[in-house]
Amino acid sequence: MDAKNITMEKIVSLAKTRGFVFPGSDIYGGLANSWDYGPLGVELKNNIKQTWWKMFVQERLDMVGIDAALIMNPKVWEASGHVATFSDPLVECKTCHERYRADQIDLAAPCAKCGNKGTFTEPASFNLMMKTWLGPKEDASAVAYFRPETAQAMFVDFPNVLTSSRKRVPFGMAQIGKAFRNEITPGNFIFRTREFEQMEIEYFVHPSDWEKYFEDWLANMYKFMDRVGIDASRSHNLEVEKDELAHYSKRTVDIEFDYPFGRKELYGLAYRTDFDLTTHAKHSGSNIVYTDPITNEKYVPHVIEPSFGVDRTVLAVLLSAYDEETVASEEGDGDTRVVLRFKKEIAPIKIAILPLSKKEELSNVARPIAEGLAKHWRVDYDETQSIGKRYRRQDEIGTPYCVTVDFDSLEDKAVTIRDRDTMKQERVPIAELEAWFKKQF
Ligand code: ATP
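Residues numbered from 1 in each chain as written. Predicted model: local features only at pLDDT ≥ 70, side-chain atom pairs only at ≥ 80, totals over all residues. Heavy atoms only, no water.

J.: Please clarify how the pattern of salt bridges should be interpreted in this entry.
T.: Opposite charge on two side chains allows them to pair when their charged atoms are near. For the coordinates displayed, the defined rule picks out 39 salt bridges. Notably, a salt bridge pairs Glu345 with Arg227, separated by 3.3 Å at the nearest N-O pair. In this pair, Glu345 is assigned in the loop between β18 (336–340) and β19 (351–355) and Arg227 in helix α7 (residues 210–228), connecting sequence segments 118 residues apart. By sharing partners, the salt bridges in this structure join Asp323, Glu325, Glu331, Arg337, Arg341, Arg392, Asp395, Arg418, Arg420 and Asp421 into a single network. (Salt bridge = Lys/Arg side-chain N within 4 Å of Asp/Glu carboxyl O. Helix = DSSP H or I, 4+ residues; strand = E, 2+ residues; numbered from the N terminus.)

J.: Would you explain the layout of surface pockets in this entry?
T.: In this approach, a probe sized like a water molecule rolls over the atoms, and the result shows the empty space that is left. There is about 290 Å³ of room inside the second largest pocket. Looking at the second largest pocket, it is lined by 17 residues, and the ones nearest its centre are Asn33, Ser34, Trp35, Thr193 and Glu195. Listed by contribution, the elements that provide at least two residues to the lining of the second largest pocket are β2 (35–37) and β10 (195–205). Residue classes in the lining of the second largest pocket are distributed as 7 nonpolar, 3 polar and 7 charged. (1 Å grid on protein atoms, 1.4 Å probe; cavity = no way out; pocket = protein on both sides within 12 Å on 5 of 7 lines; lining within 4 Å. Points joined across faces, edges and corners; volume = space filled by probe spheres on them. Nonpolar A, V, L, I, M, F, W, Y, C, P; charged D, E, K, R; others polar.)

J.: Is there a simple way to think about the sheet that holds strand β5 (residues 99–101) in this case?
T.: Sheet strands pair via backbone hydrogen bonds, and the direction of the pair is either parallel or antiparallel. The 3 strands lie next to each other as β5-β4-β6, forming an open sheet whose pairing is antiparallel. Among the strands making up the open sheet, the edge pair consists of β5 and β6 (124–127). With strand direction ignored, the average angle separating the axes of adjacent strands in the sheet is 45°. Pairing analysis gives 4 bridges linking strand β4 (residues 87–92) to β6, with the strands arranged antiparallel. In the strand pairing of β6, Asp88 is matched with Phe126. (Pairing = 2+ DSSP bridges. Axes fitted to C-alpha atoms, helices over the stretch in contact; angles between N-to-C directions.)

J.: Would you explain empty space enclosed by the protein in this entry?
T.: Using the criterion set out here, one finds 1 cavity of 30 Å³ or more in the structure. In this structure, the largest cavity spans a volume of roughly 30 Å³. Ile11, Leu14, Ala15, Phe20, Leu318, Tyr322 and Leu340 together form the lining of the largest cavity. Sorting elements by how many residues they give to the lining of the largest cavity places helix α1 (residues 8–18) first, with 3 residues. In the lining of the largest cavity, the residues fall into 7 nonpolar, no polar and no charged.

J.: How should I be thinking about the site of the ligand in this particular structure?
T.: Near the ligand you find 14 residues, and of these Glu183, Arg192, Thr193, Glu265 and Leu266 are the closest. At 3.0 Å from an oxygen atom of the ligand is found a side-chain nitrogen or oxygen belonging to Arg181. At 2.6 Å from an oxygen atom of the ligand is found a side-chain nitrogen or oxygen belonging to Glu265. Considered on its own, the ligand offers 590 Å² of accessible surface; in the complex 82% of this is hidden by protein. Sorting the residues of the shell around the ligand by element identifies β10, β13 (262–273) and β16 (302–309) as the ones contributing at least two each. Per-element accounting of the shell around the ligand gives the leading share, 4 residues, to β13. (Near = heavy atom within 4 Å. Polar contact = N/O pair within 3.5 Å; in protein donor to acceptor, adjacent residues only side chain to side chain. Areas by Shrake-Rupley, 256 points an atom, 1.4 Å probe, with all protein chains shown as cover.)

J.: Would you explain the sheet that holds strand β9 (residues 171–180) in this entry?
T.: Strand order in this open sheet of 7 strands is β3-β9-β10-β16-β13-β12-β11, and the pairing throughout is mixed. Two strands bound the open sheet, and with one partner strand each, they are β3 (63–65) and β11 (235–239). Taking each pair of neighbouring strands and ignoring which way they run, the sheet shows an average axis angle of 25°. Relative to β10, β9 runs antiparallel, the two sharing 10 bridges. Bridge pairing in β10 links Gly177 to Gln198.

Dropping the structure here:
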């Protein structure tokens with residue numbers, strides 16, 4: 001289907017009704033821009049994170065992972081520049097008090113909320129760090145921050161990782177975890193929230209090699225997008241202009257995606273030079289220098305940073321997978337069906353077991369099949385409603401295969417496997433089911 005016809009309303013509504021993503025704190029009227037991942041959302045998100053970890057950590061000999069504390073010594077954020085500069089320009093409409101990011105609106109235009117013109121306050125710098133206090137005293141000495149990115153822990157842990165893992169440059173560190181930013185204008189569903197999850201890599205290289213590894217990582221990011229099923233034709237590189245680069249970066253490419261609300265950032269790739277390691281060495285007083293074991297050259301490694309948002313990945317995957325088609329088969333000829341065409345590796349449910357009726361003689365056969373397959377793959381078991389409706393539900397949640405157990409199964413000891421994309425059916429002996437699915441996944 002034409003991507004232009006996929007609206008956010010369709011995605012948000014399907015996400016809620018099928019249990020991918022719900023409004024957070026819903027029974028209390030929600031909490032603006034907070035979202036909870038439901039039973040299918042958590043599976044999808046976990047599959048995305050596992051694919052990333054497998055591809056960038058487990059399948060490579062030059063990568064290691066960490067899982068650092070979310071709240072770090074506040075000195076980290078002073079050194080990194082976050083306390084001083086991690087801010088957005090905030091303006092407020094003097095009439096209705098709506099707040100905007102000054103860099104995202106035309107200050108000469110009327111306020112989008114109340115329509116009054118020329119009423120904005122002067123832009124003020126608003127720090128996005130979420131503050132808290134450690135311990136019982138709420139004073140300045142106890143101030144700490146929820147990390148606004150996972151990256152800094154990988155620089156701070158660099159000496160410990162280097163010594164314990166005995167890795168040699170070029171090598172990289174990876175981390176997946178939550179990050180917090182007090183965004184002025186959160187919105188667009190899970191695109192911009194104040195609590196989100198990141199998957200980040202810091203790849204340490206010799207200073208003279210950075211260009212080669214920058215290109216390598218850009219290609220790797222696209223390989224990952226392909227593996228999780230993000231539509232390449234809706235993804236674009238944006239070379240960030242020199243005067244818009246962050247203070248730590250010499251080159252940044254944003255990978256943007258065509259969301260229904262416009263072309264916006266999905267991921268970022270930055271060449272951070274030796275800025276972070278040098279800064280942390282200076283502020284902490286630690287000696288962070290790498291010695292090449294062969295040449296004995298001493299230097300501070302430079303860093304290439306591919307940065308991925310988990311939630312934006314979920315959104316781009318949902319938008320890429322969403323399809324509506326007119327059925328041209330005996331399975332409801334002429335009807336429209338909604339299908340999430342997830343890649344098999346990330347589909348939340350891999351196989352649905354659907355006994356044709358609730359009769360005990362069928363569940364006696366179907367349940368053990370479900371329990372056996374569930375040892376290998378995430379399985380759904382559904383025995384209510386007509387089989388047509390159950391197929392449609394599985395299509396809508398992107399389940400690649402449905403297994404129907406019918407009354408013939410009692411005689412021929414076989415079941416019908418239906419393919420989500422082709423809707424073709426195949427009769428397979430129960431005894432061969434596991435081997436059949438092993439070939440598919
Ligand atoms: P933006 O320009 O959209 O605010 P950014 O350039 O500040 O993003 P980075 O600091 O590069 O973002 O963060 C790395 C990645 O983390 C982003 O590419 C995005 O996928 C994700 N991300 C950043 N901020 C948010 C947020 N508020 N909500 C959800 N994901 C986010």
